[in-house]
Protein chains: 2
Amino acid sequence: MVTISDIAKKLGITPSTVSRALSGSPRVKNSTREAVERMAEQLGYERNEAASSLRRGKINAVGIVVPRINRAFFSNVIGGAESVLDEHGYSVIICQSHEKIEDEVKALKMLRSNRVAGVLISHAIPSENGNHILENIDPNAVLVQFDRVFSDLPGPRIVSENYKGAYEGTRHLIENGYRRIGNIAGYLSSEAYVQRLQGYKQALLDMGMEVDEEIIFYDSIVRETGYQAGKLAIERGCDAVYSAGDYSALGVIDAVREAGLRIPDEFGIVGTANEQFTGLMTPSLSSMAQHPYEMGRRAAQAFLTSLKPGAHVGEVSVPMELIIRESSSRNHIGIL
Amino acid sequence: MVTISDIAKKLGITPSTVSRALSGSPRVKNSTREAVERMAEQLGYERNEAASSLRRGKINAVGIVVPRINRAFFSNVIGGAESVLDEHGYSVIICQSHEKIEDEVKALKMLRSNRVAGVLISHAIPSENGNHILENIDPNAVLVQFDRVFSDLPGPRIVSENYKGAYEGTRHLIENGYRRIGNIAGYLSSEAYVQRLQGYKQALLDMGMEVDEEIIFYDSIVRETGYQAGKLAIERGCDAVYSAGDYSALGVIDAVREAGLRIPDEFGIVGTANEQFTGLMTPSLSSMAQHPYEMGRRAAQAFLTSLKPGAHVGEVSVPMELIIRESSSRNHIGIL
DNA sequence: GGATTTTGTGCAAACGTTTGTATTTTTGCG
DNA sequence: CGCAAAAATACAAACGTTTGCACAAAATCC
């Protein structure tokens, strides 16, 4: 492997000048810089990152810690983050917490051991606060949280506009003439679900409808619980449901089918997250899309700007987008 | 940050002994090893990976290069690989080729620059051979290919049992009484699709049916082309289709619905890949499942065993599995 | 044209770990 | 008890890069 010393020797200069030339220091003459670059190219030089990292005390890499990388949402975030980090010469080291605090801590230690320049993290569900993160993150690394965030931790937080999204999803149903709209809510231990619930409620109020706790169903994020909730919603006179998740919306569809109601003519449904399957099923499912790829990009950008001295990035909102499909599109729009 | 010298000083010994103690060398007394471990624990020591990497000339990390990490298949492979690599103290650096040779080369150079111990790769589609990989991979790194492999490259290759899978998928349709079974084939430039086609043909022959090129449709991997192929298949008298992809199978379903045929009573379908949506739609779609997570695990294991001197890993097959769902399950099984 | 600033390079140390070789300590044995 | 062998530790160099400081050469000023 060729080193800067090899280049220096060939050109009759010293390694320090070569180093400066390659790193674009203004303290080297243009002619020598060019000579160095040519020689580096010619010899096929590639910087030894380990040596560089050791000397500088940090590595040109950021760690991304997610519960599971094979979840569509997270893999898209990672994809987005990688695309901008790569452009700026940073590698991406990925870690999975498997929703366990223990593994999360292990990952943070590993990243600290590698002296990464930054950590992008969406924490494991069981954790109640960010203490274990604060205790185990490299104090010199930039911390960026996304999606699942603790407001007591320092640094940028990238979140979806959950409130606004749920608000618009609900309003969309009202504007399509549905008159009694239930809500499938998630776990209120999660900030995102709390905000979606609030958005749903506010939309009802703003459109002159009332909030009825009878038709709000909590702790439901999978198909089966969605099905149970859907049956109750129908029983209690709903003609539509806004669901804070797509899987539970799927369960609602099961219940609606079982009841013999036609979608969307007799029953409307809007889900959340725009999972891939929503666009492929029949009827296709309207959904409030999150934009995980964009979220990843913003998280990476937040890291990059935080690097600059004096810069401070706070909370960054990523818009959600209503994807209107069959499950909420009545043939005859029933706006009053 | 605490170093091995700090530990050494506290204990009145030298850094070399501390290093050996921590790395489990047999050349250090048990009592001192324990003392070192206690002190390391107490001071909160963590090895500086950059220094270690520099000295050893390689880093405890492997790079994974995939077209896109947000594709379900690849993110599952990565998840599987990470799970075993993590256990053995290796970090995972991920890179996306975006299906471009140029980006793939860039990724390989970056990994070489980092002196990774291994590279797990599934190559970009446009490449016709592995030359650019061979030229740009770190000669000291272990190369492991998965899913999309070049047989002219050295090192382990992890592939799905495509032939066997297609064979069984087709046989399953025959055993369910379908009598004229079409095939939606992919691009024959890809080894995987070639093998699936062969498996389909052989199953027909082995079951005493004949292969009819009229009902084999090539270059179809998306919903729209599947739809076109499905229409033709129906026109040409098929009562079932084995599709080498799930998306094209989806298109076939569209065509079958349009023709007013009932699934599975009048028309049977089996797809391939077991994409998430196959289990969520109505009717649910039978599919030959690949096991990407397992493939990732095996790729990582192949890397680990290749590390041992003298060990040689060749081609590793990952079984496929027929997931029988509604689209191919007739109420009355029509075995002759 | 001499003094002073600017510009470009060289020198040398440092980052923290690993490891071949040398040295010391301990053990075993007659 | 003495000596050789074995075990444990110390010494020192090396990995390749970066960077503060010193220094020389060129440019600028009065």
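Notes on the structure in this doc start here. (Residues numbered from 1 in each chain as written. Chains lettered and ligands numbered in written order. Predicted model: local features only at pLDDT ≥ 70, side-chain atom pairs only at ≥ 80, totals over all residues. Heavy atoms only, no water.)

Brief notes about the overall build of chain A
Stated precisely, the cut-off is as follows: Helix numbering and strand numbering both begin at the N terminus, where a helix is a DSSP run of H or I of at least 4 residues and a strand a DSSP run of E of at least 2. In this setup the radius of gyration rests on C-alpha atoms only. A globule is expected at 2.2 Å times the number of residues raised to 0.38. Here the term buried applies to any residue with accessible area under 20% of the maximum for its type, exposed to any over 50%, and partly exposed to those in between, with areas from a 1.4 Å probe on protein chains only. When checking whether two residues touch, look at their non-hydrogen atoms; a contact exists if any pair is within 4.5 Å. Charge convention: Lys and Arg are scored as positive, Asp and Glu as negative, and His as well as the terminal groups of each chain are ignored. Lysine's charge is taken at NZ, arginine's at CZ, aspartate's at CG and glutamate's at CD.
Along the backbone of chain A there are 12 helices and 12 strands. For chain A, the C-alpha radius of gyration of 26 Å lies well beyond 20 Å, the compact-globule estimate for 336 residues. Summarising its shape, the C-alpha atoms of chain A cover approximately 85 × 40 × 35 Å along the three principal directions. Within chain A, the proportion of its 336 residues that are buried is 54%. Expressed as a percentage of contacts within chain A between residues at least 6 apart in sequence, the contacts between residues at least 24 apart total 71%. Averaged over its 36 positive side-chain charges, chain A has a centre that lies 10 Å from the centre of its 41 negative ones.

A short note on a nonpolar patch on the surface
Residues and elements named next belong to chain A. Test applied: A residue counts toward a patch only above 30% relative accessible area and without a salt bridge, and it is joined to like-charged neighbours within 9 Å or, for Val, Leu, Ile, Met, Phe, Trp and Tyr, to nonpolar neighbours within 5 Å. The Shrake-Rupley method, run with a 1.4 Å probe, gives the accessible areas here. Residue values count only the displayed protein chains as cover. Salt bridge, as used here, is a side-chain nitrogen of Lys or Arg placed within 4 Å of a carboxyl oxygen of Asp or Glu.
On the surface, a nonpolar cluster with roughly 240 Å² of combined accessible area is contributed by Tyr 187, Ile 221 and Val 222. As for its position among the elements, Val 222 is in the loop between β7 (216-217) and α10 (223-235). Residue classification places Val 222 among the partly exposed positions, given a relative accessible area of 44%.

What to know about helix α12 (residues 292-307) of chain B
Basically, it comes down to this: To estimate the expected span of a helix, count its residues, drop one, and scale the result by 1.5 Å.
In this model α12 of chain B runs 23 Å from its N-terminal to its C-terminal C-alpha over 16 residues, within 8% of the 22 Å that 1.5 Å per residue would give. Close packing links the buried residues of α12 of chain B with β1 (59-66), α5 (72-87), β3 (116-121), β4 (142-146), β5 (157-160) and β11 (315-318) of chain B.

Description of the pairing of β3 of chain B
Residues and elements named next belong to chain B. Let me state the cut-off plainly: DSSP bridges decide pairing: two strands pair if at least two such bridges lie between them. Handedness is read with the strands pointing away from the viewer; a crossover is right-handed when the path from the first strand over the helix to the second is clockwise.
Burial of β3 is extensive: six of the six residues sit out of reach of the surface. Note that β3 and β4 share four bridges and pair parallel. Residue pairing in the sheet places Val 119 in a bridge with Leu 143 of β4. For the crossover that starts at β3, traverses helix α7 (residues 131-136) and ends in the parallel β4, the hand is right-handed.

Some details on empty space enclosed by the protein
To locate leftover empty space, one rolls a probe as large as a water molecule over the atoms. The condition that has to hold: A cavity here means a set of points on a 1 Å grid, drawn over the protein atoms and nothing else, where a 1.4 Å probe fits but cannot get out; a pocket is an open set with protein on both sides within 12 Å along at least five of seven lines, and a residue lines either one if it has an atom within 4 Å of a point. Grid points are joined across faces, edges and corners, and a volume is the space filled by probe spheres set on the points.
On inspection of all chains with the given rule, the structure shows five cavities of 30 Å³ or more. Volume-wise, the largest cavity comes out at about 80 Å³. As for the largest cavity, its lining consists of Glu 49, Ala 50, Ser 53, Ile 59 and Asn 114 of chain A together with Glu 49, Ala 50, Ser 53, Ile 59 and Asn 114 of chain B. Those elements giving two or more residues to the lining of the largest cavity turn out to be α4 (49-56) of chain A together with α4 (49-56) of chain B.

What to know about the interface of chain B and chain A
For the record, the criterion: Reported buried area values correspond to the accessible surface (1.4 Å probe) lost by two parts on association, with both partners' losses combined. Amino acids outside the nonpolar list (Ala, Val, Leu, Ile, Met, Phe, Trp, Tyr, Cys, Pro) and the charged list (Asp, Glu, Lys, Arg) are all regarded as polar, and Gly is one of them.
Taken together, the contact pairs 41 residues of chain B with 41 residues of chain A. Between chain B and chain A lies a buried interface of about 4,000 Å² when both sides are counted; carbon and sulfur atoms form 50% of it. Counting across the interface, chain B meets chain A through four salt bridges. One salt bridge connects Lys 106 of chain B with Asp 86 of chain A, and the closest N-O pair in it is separated by 3.1 Å. Along the lines of polarity and charge, the residues of the side of chain B that touches chain A split into 16 nonpolar, 14 polar and 11 charged. When strand β2 (residues 91-96) of chain A meets strand β2 (residues 91-96) of chain B, the two strands line up antiparallel, connected through three bridges. Among the inter-strand pairings, Ile 94 of chain A is bridged to a residue of β2 of chain B, identified as Val 92 of chain B.

Describing the layout of surface pockets
Approximately 1,400 Å³ is the volume found for the second largest pocket. Lining of the second largest pocket is provided by 41 residues; of these, Tyr 45, Glu 46, Arg 47 and Glu 49 of chain A together with Ser 113 of chain B occupy positions nearest its centre. Here the residues of the lining of the second largest pocket sort into 13 nonpolar, 14 polar and 14 charged.

Things to note about the protein's contact with DNA strand C
Selection criterion: We call a residue near a molecule or strand when any one of its heavy atoms sits within 4 Å of it. Whenever a nitrogen or oxygen atom comes within 3.5 Å of another N or O atom, the pair is scored as a polar contact, on the condition that within protein one atom can donate a hydrogen and the other can accept it, and that pairs from neighbouring residues in sequence are kept only if both atoms are in side chains.
As a structural note, the neighbourhood of DNA strand C is formed by 27 residues, with Arg 20, Arg 27 and Thr 32 of chain A together with Tyr 45 and Arg 55 of chain B the closest of them. Sugar and phosphate atoms represent 55% of those atoms of DNA strand C found within 4 Å of the protein. With respect to DNA strand C, the backbone of Thr 14 of chain A contributes an N or O atom lying 3.0 Å from a phosphate oxygen. Note that a base oxygen of DNA strand C is positioned 2.5 Å from one of the side-chain N or O atoms of Arg 20 of chain A. Those elements giving two or more residues to the surface near DNA strand C turn out to be α2 (15-22) and α4 of chain A together with α2 (15-22) and α4 of chain B.

Remarks on the packing of aromatic side chains
Defined as follows: Each aromatic pair joins two rings of Phe, Tyr and Trp (for Trp, the six-membered one) with centres within 6.5 Å, and gets the label stacked for planes under 30 degrees apart, edge-to-face for over 60, and tilted for any other angle. Note on geometry: a ring has a charge over it if NZ (lysine) or CZ (arginine) is within 6 Å of the ring centre and within 35 degrees of the ring normal.
Applying the stated criterion across every chain yields a total of eight aromatic pairs over all chains. Relative to Phe 277 of chain A, the ring of Tyr 247 of chain A lies with its centre 5.1 Å away and its plane at 55 degrees, an arrangement referred to as tilted. Taken together, the positions of Tyr 247 of chain A in helix α11 (residues 246-258) and Phe 277 of chain A in the loop between β9 (268-273) and β10 (286-289) put the pair 30 residues apart, joining distant regions of the chain. Ring centres of Tyr 90 of chain B and Phe 303 of chain B lie 5.2 Å apart, and the angle between their planes is 85 degrees; on these two criteria the pair is classed as edge-to-face. Of this pair, Tyr 90 of chain B sits in the loop between α5 and β2 while Phe 303 of chain B is found in helix α12, placing the two residues 213 residues apart along the sequence. Residue placement shows Arg 330 of chain A over the ring face of Tyr 178 of chain A; its charged tip is 3.9 Å from the ring centre.

Points about the relation of the copies chain B and chain A
Where we set the bar: The fit set for superposing copies consists of C-alpha atoms from residues with pLDDT of at least 70 in both; the fit itself is least squares.
Superposition of chain B onto chain A requires a rotation of 180 degrees combined with a translation of 0.1 Å along the rotation axis, giving an RMSD of 0.1 Å. The two molecules are tied by a two-fold rotation axis, judged by turn and shift. Most of the interface of chain B is mirrored in chain A, where 100% of its interface residues again form contacts.

Examining the protein's contact with DNA strand D
Surveying the vicinity of DNA strand D reveals 26 residues, the closest of which are Tyr 45 and Arg 55 of chain A together with Arg 20, Arg 27 and Thr 32 of chain B. Those atoms of DNA strand D that come within 4 Å of the protein belong to sugar or phosphate at a rate of 58%. A distance of 3.0 Å separates a phosphate oxygen of DNA strand D from a polar atom in the side chain of Thr 17 of chain B. A distance of 3.2 Å separates a phosphate oxygen of DNA strand D from a polar side-chain atom of Thr 32 of chain B. Among the elements of the structure, α2 and α4 of chain A together with α2 and α4 of chain B are those that each provide at least two residues to the surface near DNA strand D. Split by residue class, the surface near DNA strand D holds seven nonpolar, 10 polar and nine charged.

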